[in-house]
Amino acid sequence: MREESDGRFYYDFNQGARYVIHSHRTEEKELMLIEIGGMQVTKGGEELYLIVSERKDVCDYLGEWTKMQLALYLEMTFATLLEEGTAVEYPLTISDVKRFYSEREKARNQKLFRANKILIGELQKDTKGNPKKDKNGKLLYDGGIEEYRELLKEKENLEKILAERYGSKKVVNHQESMYRNKCTRMIELIRENGISLSVFRPDPICPFCKNNGVDAKGGVCSCAQAREEEIKAFCAAERLKKKFAETWADRFGGKDEEENDEWDD
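Computed from a predicted structure; not experimentally measured.

**Q** Please clarify how the overall build of the protein should be interpreted in this entry.
**A** Within the protein, the secondary structure is distributed over 6 helices and 9 strands. With 265 residues in all, the protein has 29% of them scored as buried. Taking contacts inside the protein between residues at least 6 apart in sequence as the whole, the part at least 24 apart equals 53%. Working note: accessible area of the protein is about 18300 Å², and carbon and sulfur atoms make up 51% of it.

Written out as structure tokens, the structure reads:
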């Protein structure tokens, strides 16, 4: 596969590309025309090309060839390109899928961290890394909202109680009402501070890949296939961003004869 200027991957050979096959190095003797009729990627990640000949008296069907076989054949027959054909985008790769899901999880964790910094604050620590407490034994924080911290603690305690009571099939009306009130107030504080509630909503767990995009057989999961365009667009943008960051000096700086060579060491 090859990477194009849009940051996306494409097959190395184009769909519909036509080549003139010669019997000798000179272009005087044309043996036949061949065309790339189709392409696919095997489970092992190998590119296969369907090659068709227009000279039925010579060869009607050349079959499926790997990228290396096709490249070698074109070289050995002194082939010349007659028509370029159309570039075909490469299917989703495992590496791109893993990258997308990994970056997505990382971005979600970063949003959650920023939200908690606003709502909870940062725990103060001494020089040994131990949490600081006031004279009453209460943890000290930098920033955050005191009411939210208290609500969070009460919510977590109620969740434990509710889990135990539900498991034992006990009445939970009172605790349920308290839990609802705590959660409702927390949501109010979240929204009052300009934070989207979606930060606290986890993604649905895919039963086939557990949200890493790769199924049990090592292939691209159906959940990733459903987001193919989103994944390709994201990974293309990431590749381009990296390329821009690495090449901006060369692209716009040119070569300065008086540059300090000490920096090249």
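**Q** Just to check I follow, could you spell out the pattern of salt bridges for this structure?
**A** Working definition: two side chains of opposite charge can pair if their charged atoms are close together. For the coordinates displayed, the defined rule picks out 24 salt bridges. A salt bridge links Glu3 to Lys243; the shortest N-O distance between them is 3.4 Å. Of this pair, Glu3 sits in strand 1 (residues 2-3) while Lys243 sits in helix 6 (residues 228-253), and the two are 240 residues apart along the sequence. Among the residues examined, Glu3 registers a relative accessible area of 34% and is labelled partly exposed.

**Q** Just to check I follow, could you spell out the packing of aromatic side chains for this structure?
**A** The description of an aromatic ring pair rests on the distance of the ring centres and on the angle between the ring planes. In the structure shown here, the tally under the stated rule is 6 aromatic pairs. Look at Tyr11 and Tyr49: their rings are 6.1 Å apart centre to centre, the planes differ by 75 degrees, and that puts the pair in the edge-to-face class. With Tyr11 in the loop between strand 2 (9-10) and strand 3 (18-22) and Tyr49 in strand 5 (residues 47-53), this pair connects stretches of sequence that are 38 residues apart. Taking relative accessible area as the criterion, Tyr11 reaches 4% and is therefore assigned buried. What makes Tyr49 buried here is its relative accessible area of 0%. Ring centres of Phe100 and Phe234 lie 5.6 Å apart, and the angle between their planes is 80 degrees; on these two criteria the pair is classed as edge-to-face. Placement of the pair is Phe100 in helix 2 (residues 94-119) and Phe234 in helix 6, with a sequence separation of 134 residues. Its relative accessible area of 25% is what places Phe234 among the partly exposed residues.

**Q** Any chance you could explain the nonpolar core here in plain terms?
**A** The nonpolar side chains of soluble globular proteins are, as a tendency, buried together. Ile34 and Ile36 are the most contacted members of the largest nonpolar core, which totals 18 residues. Secondary structure elements with two or more residues in this core: strand 3, strand 4 (30-41), strand 5, strand 6 (61-66) and helix 1 (67-76). Top contributing element to this core by residue count: strand 4, with 4 residues. When near neighbours in sequence (up to four residues on either side) are disregarded, Ile34 contacts Ala17, Arg18, Tyr19, Ile21, Ile51, Val52, Ser53, Leu62, Tyr73 and Leu74. The next biggest cluster of nonpolar side chains, apart from the first, holds 12 residues, and it includes Leu151, Leu152, Met186 and Ile190.

**Q** Looking at this model, I keep getting lost on unusual backbone geometry. Mind explaining?
**A** Backbone geometry follows two general trends: most residues other than glycine have a negative phi, and most peptide bonds adopt the trans configuration. In this model, Phe78 sits at a positive phi of 55 degrees, which is unusual for a non-glycine residue. Note that Phe78 resides in the loop between helix 1 and strand 7 (80-83). Residue class for Phe78 comes out partly exposed when judged on its relative accessible area of 27%.

**Q** How do you make sense of the packing of helix 3 (residues 146-167) against helix 4 (residues 173-192) when you look at a structure like this?
**A** If you want to describe how two helices pack, look at the angle between their axes and the distance between the axes. The interhelical angle for the contact between helix 3 and helix 4, taken along N-to-C directions, is 145 degrees, at an axis separation of 9 Å. In terms of crossing hand, the pair formed by helix 3 and helix 4 is left-handed. Along the contact surface, helix 3 presents Glu147, Tyr148, Leu151, Leu152, Glu154, Lys155, Leu158, Glu159, Ile161, Leu162, Arg165 and Tyr166, while helix 4 presents Gln175, Glu176, Met178, Tyr179, Lys182, Cys183, Arg185, Met186, Leu189 and Ile190.

**Q** Even after reading the chapter, I still don't get the pairing of strand 3, so can you show me in this structure?
**A** Moving residue by residue along a regular strand, the side chains alternate between the two faces of the sheet. Within strand 3, 5 of the 5 residues are buried, which leaves it mostly tucked inside the rest of the structure. Judged from the 3 bridges that link them, strand 3 and strand 7 form a sheet pairing that is antiparallel. Residue pairing across strands places Val20 opposite Thr80, the latter belonging to strand 7.

**Q** What is the right way to read helix 2 from this model?
**A** In an α-helix there are 3.6 residues to a turn, and that puts residues three or four apart on one side. An ideal rise of 1.5 Å per residue puts 38 Å on 26 residues; helix 2 measures up with 38 Å between its terminal C-alpha atoms. Residues of helix 2 that are buried make contact with strand 2, helix 3, helix 4, helix 5 (222-225) and helix 6.

**Q** So what exactly am I meant to see when it comes to the confidence of the model for the protein here?
**A** Parts of the prediction with low pLDDT should not have their coordinates interpreted in detail. The pLDDT averaged across the protein works out to 88; a share of 89% of its residues lies at or above 70. Confidence scores differ between elements of the protein, with strand 6 showing the lowest mean pLDDT of 80 and strand 2 the highest of 96.

**Q** How should the side chain of Gln175 be read in this particular structure?
**A** On the secondary structure map, Gln175 appears in helix 4. When sequence neighbours within four positions are dropped, the list of residues in contact with Gln175 reads Leu158, Ile161, Leu162 and Arg165.

**Q** What is the right way to read helix 3 from this model?
**A** In this model, helix 3 (22 residues) spans 32 Å end to end at C-alpha, consistent with the 32 Å of a helix rising 1.5 Å per residue. Three or more residues of helix 3 are buried, namely Tyr148, Arg149, Leu151, Leu152, Lys155, Leu158 and Leu162. On its buried face, helix 3 is in contact with helix 2, strand 9 (141-142) and helix 4. A positive phi of about 60 degrees marks Lys169, the residue just after helix 3.

Criteria and thresholds
Residues numbered from 1 in each chain as written. Predicted model: local features only at pLDDT ≥ 70, side-chain atom pairs only at ≥ 80, totals over all residues. Heavy atoms only, no water. Helix = DSSP H or I, 4+ residues; strand = E, 2+ residues; numbered from the N terminus. Buried < 20%, exposed > 50% of the residue type's maximum accessible area, 1.4 Å probe, protein only. Contact = heavy atoms within 4.5 Å. Areas by Shrake-Rupley, 256 points an atom, 1.4 Å probe, with all protein chains shown as cover. Salt bridge = Lys/Arg side-chain N within 4 Å of Asp/Glu carboxyl O. Phe/Tyr/Trp six-rings, centres within 6.5 Å; stacked < 30°, edge-to-face > 60°. Core = buried A, V, L, I, M, F, W, Y, C linked by side-chain atoms within 4.5 Å. Axes fitted to C-alpha atoms, helices over the stretch in contact; angles between N-to-C directions. Left-handed = near helix turned anticlockwise from the far one by under 90°. Pairing = 2+ DSSP bridges. Expected span 1.5 Å × (residues − 1). pLDDT = per-residue confidence, 0-100.

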